[in-house]
Amino acid sequence: MRSLSIIFNPLITCSLIAFFFLGCASTTRALRKSTDEIVTSPFYQNQFTGFMLYDPVARDTLYNLNGSRYFTPASNTKIFTLYSALQLLPDRIPSLKYVLENDTLYIEGTGDPTLLHPYFQDSTAIKFLQNHKDIALYLNNFEDAKLGPGWSWGDYQYYYQPERGPLPLYGNVVTISNTDSLRVTPFYFKDSVISINYSKNRNLESNTFYYALSRNDTTEIPYRTDSALTKTLLESLLGKEISLTPKMPKSEKNIVYGIASDSVYKRMMHESDNFLAEQLLFLASSTLLDTLNSNAVREYMIENQLSDLKQPPRWVDGSGLSRYNLFSPASIVQVLDKLYQNTSRERLFTFFPAGGVSGTLEDWYAGNPDPYIYAKTGSLSNNHCLSGYLITKSGKTLIFSFMNNHFRESSSEVKKRMQLVLEQIRDTY
């Protein structure tokens, strides 16, 4: 009994607690000092840098450099899109809405990006439509622009900037390859491919594509969308005529569900897929409204689930292609914390690229032997950001947002210094 009284002696207990907190404070001071030595070095003098590090268990901010300032986030915007999708979408992607009336199937798109997408190739909606003879297609529920605000108009020809829409087919891109012979998907565009060496992949104003037969690669080129083309492509898939309708019946709409939503989230985050990110916001709007409008979703999220953000973002698209977006490291950390607190760790970490292993982090931040970084990159010219989760050697999970804007050095040099900071935190905290 005497030994127990020593163990539970209040003075000794208080001393142990004080020693513990002094040790934590000492570790935090050392972490801040070592981080300061890097991020205040001459390399960073001519750029704008923000770095916030947060312990979600202790609810403690361990490091804060310009955490409340606004930065161009690039594809870190997709973290907000992921959070919105997890809040608003069901476990399976809503692929179509429909009403059956007087033997006619009236359908409208939900913005589902997976229908015959080059990667997903989902045909759930097509199989459903093949069972109906008379189909009326409604496309006027899309109340947004084909391209996002602040997007570069000169990027219309590149795979990462397809047009947005209510009923995307094939990912709204033409896939062209030339292995044993020229292959074009969808086949409808086969005669629109001109075999010449040209500086552009596609004509600005029309669906005329340029692909030299001397090439042996596979390329994806966005095509110009419109209602007549969507109708034609859908007819070729179904092997029958369909009609366009100016309105949907007033009856309650039913929903056809497609592939697992998590598979879309993972692809968006790992490959930094802009098209999937944009369309996920339209899908989310289909659960809130009768129309597809991405701005309505962003406003809804900021007014509701994100109303507690200390620095509300200027959030104008789902992908981060726009330079109009403005986010602070603190707001990104807050959303990452919401994800961490409300999503199982195993599920959450599958959405984020793992350092040295997968997606956009395959060549950076490798662990030894296990990954220590699960994070989303964000890159535009002269801007690079990284936000996500860091696992220390002591087993702690920390949340961070590291944002670099307006640098003139190469992005690889910026990443090297970011890696130094993150490795020190991994090894010392």
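Here the structure is a predicted model, which means the values were calculated and not measured.

Undergrad: Please clarify how the overall build of the chain should be interpreted in this entry.
TA: Per the secondary structure count, the chain includes eleven helices and 15 strands. Counting only C-alpha atoms, the chain reaches 90 × 55 × 35 Å along its principal axes. Taken over 429 residues, the chain has a buried fraction of 53%. Residue pairs in contact within the chain that sit at least 24 positions apart in sequence constitute 67% of those at least 6 positions apart. Per element, the accessible surface of the chain, about 20,000 Å² overall, is 49% carbon and sulfur. One way to put it: in the chain the 41 positive side-chain charges average out to a point 5 Å from where the 42 negative ones average out.

Undergrad: Where do I start with the pairing of strand β1 (residues 48-55) in this structure?
TA: On any regular strand, side chains alternate: one points to one face of the sheet, the next to the other face. Most of β1 sits out of view: seven of its eight residues are buried. Bridging between β1 and strand β15 (residues 397-405) involves seven bridges; their strand directions are antiparallel. From the neighbouring strand, glycine 50 faces β15, where its bridge partner is methionine 403. Where β1 meets strand β2 (residues 60-65), five bridges bridge the pair, whose relative direction is antiparallel. Residue pairing in the sheet places aspartate 55 in a bridge with aspartate 60 of β2. Joining the antiparallel neighbours β1 and β2 is a turn of four residues, in which arginine 59 adopts a positive phi near 55 degrees.

Undergrad: Just checking my understanding: could you explain the sheet that holds strand β10 (residues 218-222) for this structure?
TA: The three strands lie next to each other as β7-β6-β10, forming an open sheet whose pairing is antiparallel. Only two strands of the sheet have a single partner each, and these edge strands are β7 (182-185) and β10. If you compare each strand with its neighbour and ignore which way they point, the axes differ by 20 degrees on average. Pairing analysis gives four bridges linking strand β6 (residues 173-178) to β7, with the strands arranged antiparallel. For threonine 175, the partnering residue across the bridge sits in β7 and is threonine 185.

Undergrad: I would appreciate a short explanation of the packing of helix α3 (residues 77-88) against helix α6 (residues 261-271) in the present structure.
TA: If you want to describe how two helices pack, look at the angle between their axes and the distance between the axes. Where α3 meets α6, the axes come as close as 11 Å, and the angle between the chain directions of the two elements is 175 degrees. By the angle between their axes, α3 is roughly antiparallel relative to α6. The residues of α6 that touch α3, namely those facing Lys78, Ile79, Thr81, Leu82, Ala85 and Leu86, are Tyr265, Met268 and Met269. Class assignment for the residues of the contact of α3 with α6 results in seven nonpolar, one polar and one charged.

Undergrad: Please clarify how the packing of aromatic side chains should be interpreted in this entry.
TA: The description of two aromatic rings rests on the distance between their centres and on the angle between their planes. Tallied over the entire structure, the rule returns 21 aromatic pairs. Seen in terms of ring centroids, phenylalanine 43 and tyrosine 44 are 5.3 Å apart; in terms of plane orientation they differ by 80 degrees. Their pairing is edge-to-face. A ring pair is formed by phenylalanine 349 and tyrosine 389, whose centres lie 5.4 Å apart and whose planes are at 35 degrees; its orientation type is tilted. Placement of phenylalanine 349 in helix α10 (residues 345-351) and of tyrosine 389 in strand β14 (residues 383-391) is noted, with a sequence separation of 40 residues between them.

Undergrad: Explain the sheet that holds β1 to me, please; I cannot follow it from the model alone.
TA: Across a sheet, paired strands are connected by hydrogen bonds in the backbone, their directions being either parallel or antiparallel. Read across the sheet, five strands follow the order β2-β1-β15-β14-β13 without closing on themselves; strand pairing throughout is antiparallel. Each end of this open sheet is capped by a strand with a single partner; those strands are β2 and β13 (373-380). For this sheet the average axis-to-axis angle between neighbouring strands, irrespective of direction, equals 5 degrees. In the packing of helix α9 (residues 329-342) onto the sheet, the strands contacted are β1, β14 and β15, and the crossing angle to β15 comes to about 150 degrees.

Undergrad: Looking at this structure, how should I read the pattern of salt bridges?
TA: Think of it this way: side chains of opposite charge can pair up when their charged atoms draw near. In the structure shown here, the tally under the stated rule is 15 salt bridges. The partner of aspartate 262 in a salt bridge is arginine 347, and the shortest N-O contact between them spans 2.8 Å. Of the two residues, aspartate 262 is situated in helix α6 and arginine 347 in helix α10; the sequence distance between them amounts to 85 residues. With a closest N to O distance of 3.1 Å, lysine 338 and aspartate 308 form a salt bridge. With lysine 338 in helix α9 and aspartate 308 in the loop between α8 (294-303) and α9, this pair connects stretches of sequence that are 30 residues apart. Residue aspartate 308 is classed as partly exposed on the basis of its relative accessible area of 43%. Among the charged side chains, a network of salt bridges with common partners joins Glu108, Lys253 and Asp290.

Undergrad: How should I be thinking about α9 in this particular structure?
TA: Residue pairs three or four apart in sequence face the same way in an α-helix, which turns once every 3.6 residues. Spanning 14 residues, α9 covers 20 Å between terminal C-alpha atoms, matching the ideal 20 Å at 1.5 Å per step. In terms of burial, α9 is largely enclosed, as twelve of its 14 residues are buried. Within α9, burial applies to Pro329, Ala330, Ser331, Ile332, Val333, Gln334, Val335, Leu336, Asp337, Lys338, Leu339 and Tyr340. The elements touched by buried residues of α9 are β1, α3, α10, β14 and β15.

Undergrad: Help me understand the environment of serine 358, please; the structure alone is not making it clear to me.
TA: Within the fold, serine 358 resides in the loop between α10 and β13. When its relative accessible area of 16% is taken as the criterion, serine 358 is described as buried. When the C-alpha atoms of serine 358 and tyrosine 198 are compared, they prove to be 34 Å apart, with 160 residues separating the residues in sequence. A distance of 2.9 Å separates a polar side-chain atom of serine 358 from the backbone nitrogen of alanine 354.

Undergrad: How do you make sense of helix α11 (residues 411-428) when you look at a structure like this?
TA: Relative to the 26 Å expected for 18 residues at 1.5 Å per residue, α11 spans 26 Å between its end C-alpha atoms, a close match to the ideal helical length. Val414, Lys415, Met418, Val421, Leu422, Ile425 and Arg426 are the residues of α11 that are buried. Looking down the long axis of α11, one finds its buried residues gathered within 140 degrees of arc, a one-sided arrangement.

Analysis parameters
Every residue gets a number counted from 1 within its own chain, in the order that chain's sequence is written. Reporting of local features is limited, given that this is a predicted model, to residues whose pLDDT is at least 70; pairs of side-chain atoms are given and counted only at 80 or more, and all residues count toward the totals for whole chains, interfaces and linings. Each side-chain value is worked out from all heavy atoms of the structure, with water and hydrogens disregarded. In DSSP terms, a helix is any run of H or I states spanning at least four residues, a strand is any run of E spanning at least two, and both are numbered starting from the N terminus. Burial here depends on accessible area, computed with a 1.4 Å probe over protein chains only, as a share of the maximum for the residue type. Under 20% is buried, over 50% is exposed, and the range in between is partly exposed. By definition in these notes, contact holds between two residues if any of their heavy atoms fall within 4.5 Å. Only the protein chains shown count as cover for residues, and the accessible areas themselves come from Shrake-Rupley with a 1.4 Å probe. Charge assignment in this entry is limited to Lys and Arg as positive and Asp and Glu as negative, and neither His nor the chain termini are counted. By convention, the point assigned to a charge is CZ for Arg, NZ for Lys, CD for Glu and CG for Asp. Note: two strands are recorded as paired if DSSP finds a minimum of 2 bridges between them. Working convention: axes come from line fits to C-alpha atoms, limited for helices to the stretch in contact. Angles between N-to-C directions cover 0 to 180 degrees. Oblique is the label for any angle not covered by the other classes, which are roughly parallel (under 35 degrees), roughly antiparallel (over 145) and roughly perpendicular (65 to 115). Residues are grouped as follows: nonpolar covers Ala, Val, Leu, Ile, Met, Phe, Trp, Tyr, Cys and Pro; charged covers Asp, Glu, Lys and Arg; every other residue, Gly included, is treated as polar. Only Phe, Tyr and Trp rings are paired, with Trp represented by its six-membered ring, and only when their centres lie within 6.5 Å; those with planes under 30 degrees apart are stacked, over 60 edge-to-face, the remainder tilted. The salt bridge criterion pairs a side-chain nitrogen of Lys or Arg with a carboxyl oxygen of Asp or Glu, the two atoms within 4 Å. What a helix should span is 1.5 Å times the count of its residues minus one. Polar contact criterion, stated in full: a pair of N or O atoms within 3.5 Å, where within protein one must be able to donate a hydrogen and the other to accept it, and residues adjacent in sequence count only if both atoms are side-chain atoms. The arc refers to the directions leading from the helix axis to the C-beta atoms.

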